[in-house]
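So you can see what is in the structure, the chains are spelled out below.
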Amino acid sequence: MFTSLRLTCCFLLACIYTAHPTEAQEVSPGEKSLPMKGESLLFNGDEAFIITPSKTDELTPWVWYAPTLPGLPQQAELWMFERFINAGIAVAGIDVGESFGSPSGTEKYSAFYDYLTSSRRFSKRPILLARSRGGLMLYNWAAEHAESVGGIAGIYPVCNLTSYPGLDRAKAAYGMDLERLRAELQRHNPIDRLQKLAEADVPIFHIHGDDDAVVPVSYTHLRAHETSRAISYAGFSLKTGGG
């Protein structure tokens, strides 16, 4: 477990240090519990968090964590978050519910990004840290904002709506019936939207177990690898016997 986290941390740190006026937002104190000291806030009514180092550069480098949901991030992320903070890197995330990468969720992501990069002076090219179904959220946002992504790291990330949560469950989040979502799947499925990330040379690194029954690696990574050969710095670590 620690070896995988170290690989992810090293990738994120490397990306951050090599990567390149908004509408009024409603911001108030939040009540989210965090694995370490940080700021909990309500952003346009949605729970969000920001964990910042004591000293930063003029623009704060940061890692964008997803999914931010009740109970997430959790204590398991503490080891990794501490290393980001100690390296002068902030961590932030926003709870957009079980949006599964839908346009309603990515719109909220864009508003949060605008707030952090303007009002909080965060870097305009964060590193996206996608854990599990956070992959659906972050990859679909990244596909529409490739120029604003410094890199992507995934910890068993979901990249295929058909593997999780399944189209029947996802259809409500997308505001479609099952037939329409199937017909328009390539417009919304992360593994079918990698071309702009490839064109922008966005580095990607995934860690995944080969025995994951919920997010089968064959659904997520093998096809993603076939469609991302143009990505210059793609990396993939497969853990044998891992879930």
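Residues numbered from 1 in each chain as written. Predicted model: local features only at pLDDT ≥ 70, side-chain atom pairs only at ≥ 80, totals over all residues. Heavy atoms only, no water.

Novice: Tell me about the environment of Asn-44, and name the residues and values.
Specialist: Mapped onto the elements of the fold, Asn-44 is located in the loop between strand 2 (39-43) and strand 3 (46-51). With relative accessibility at 36%, the residue Asn-44 sits in the partly exposed group. The spacing of Asn-44 and Ser-28 is 16 residues in sequence and 8.6 Å in space, taken between C-alpha atoms. Setting aside residues no more than four positions away along its own chain, Asn-44 makes contact with Gln-25, Glu-26 and Ala-111. A distance of 2.7 Å separates a polar atom in the side chain of Asn-44 from a polar atom in the side chain of Gln-25. (Helix = DSSP H or I, 4+ residues; strand = E, 2+ residues; numbered from the N terminus. Buried < 20%, exposed > 50% of the residue type's maximum accessible area, 1.4 Å probe, protein only. Contact = heavy atoms within 4.5 Å. Polar contact = N/O pair within 3.5 Å; in protein donor to acceptor, adjacent residues only side chain to side chain.)

Novice: Please provide a residue-by-residue account of unusual backbone geometry, values included.
Specialist: The phi torsion of most residues other than glycine is negative, and most of the peptide bonds are trans. Going from Ala-66 to Pro-67, the amide bond is cis rather than trans, its omega being 10 degrees. Positionally, Pro-67 belongs in the loop between strand 4 (62-66) and helix 2 (78-86). Here the bond from Tyr-164 into Pro-165 is cis, since omega is 5 degrees, no more than 30 degrees from zero. Here Pro-165 is to be found in the loop between strand 7 (151-155) and helix 5 (167-174). Look at Arg-121: it is not a glycine, yet its phi comes out positive at around 55 degrees. The residue Arg-121 is located in the loop between helix 3 (103-118) and strand 6 (127-131) in this model. Owing to a relative accessible area of 40%, Arg-121 belongs among the partly exposed residues under this scheme. Despite not being glycine, Tyr-156 has its phi angle at roughly 35 degrees, a positive value.

Novice: Give me the lowdown on helix 4 (residues 134-144), citing residues and values where you can.
Specialist: With respect to burial, helix 4 is a largely interior element, 10 of its 11 residues being buried. Residues of helix 4 that are buried: Gly-134, Gly-135, Leu-136, Met-137, Leu-138, Tyr-139, Asn-140, Trp-141, Ala-142 and Ala-143.

Novice: Outline the nonpolar core, listing residues and values.
Specialist: Trp-64, Tyr-109, Phe-112 and Ile-152 are the most contacted members of the largest nonpolar core, which has 34 residues in total. Going through the elements one at a time, strand 2, strand 3, strand 4, strand 5 (90-94), helix 3, strand 6 and helix 4 are the ones with two or more residues in this core. If one sorts the elements of this core by residue count, helix 3 sits on top with 6 residues. (Core = buried A, V, L, I, M, F, W, Y, C linked by side-chain atoms within 4.5 Å.)

Novice: If you had to explain the side chain of Asn-140 to someone new, which residues and values would you point to?
Specialist: Looking at the element boundaries, Asn-140 is found in helix 4. With relative accessibility at 0%, the residue Asn-140 sits in the buried group. Polar contacts involving the side chain of Asn-140 include one to the side chain of Tyr-174, which spans 3.4 Å. Filtering out sequence-adjacent residues up to four positions away, Asn-140 remains in contact with Gly-101, Thr-106, Gly-135, Tyr-174, His-188, Asn-189, Pro-190 and Arg-193.

Novice: Tell me about the packing of aromatic side chains, and please be specific about residues and values.
Specialist: Two aromatic rings are characterised by how far apart their centres lie and by the angle between their planes. Taken as a whole and judged by the stated rule, the model has 12 aromatic pairs. An angle of 35 degrees between the planes, with centres 6.5 Å apart, marks the rings of Trp-62 and Tyr-113 as tilted. Pair noted here: Trp-62 is in strand 4 and Tyr-113 is in helix 3, with a separation of 51 residues, a long-range link. Residues Trp-62 and Tyr-113 agree in their burial class; the two are buried. A connected cluster of aromatic rings, assembled from ring pairs, spans Phe-43, Trp-62, Trp-64, Tyr-109, Phe-112, Tyr-113, Tyr-115, Phe-122 and Trp-141. (Phe/Tyr/Trp six-rings, centres within 6.5 Å; stacked < 30°, edge-to-face > 60°.)

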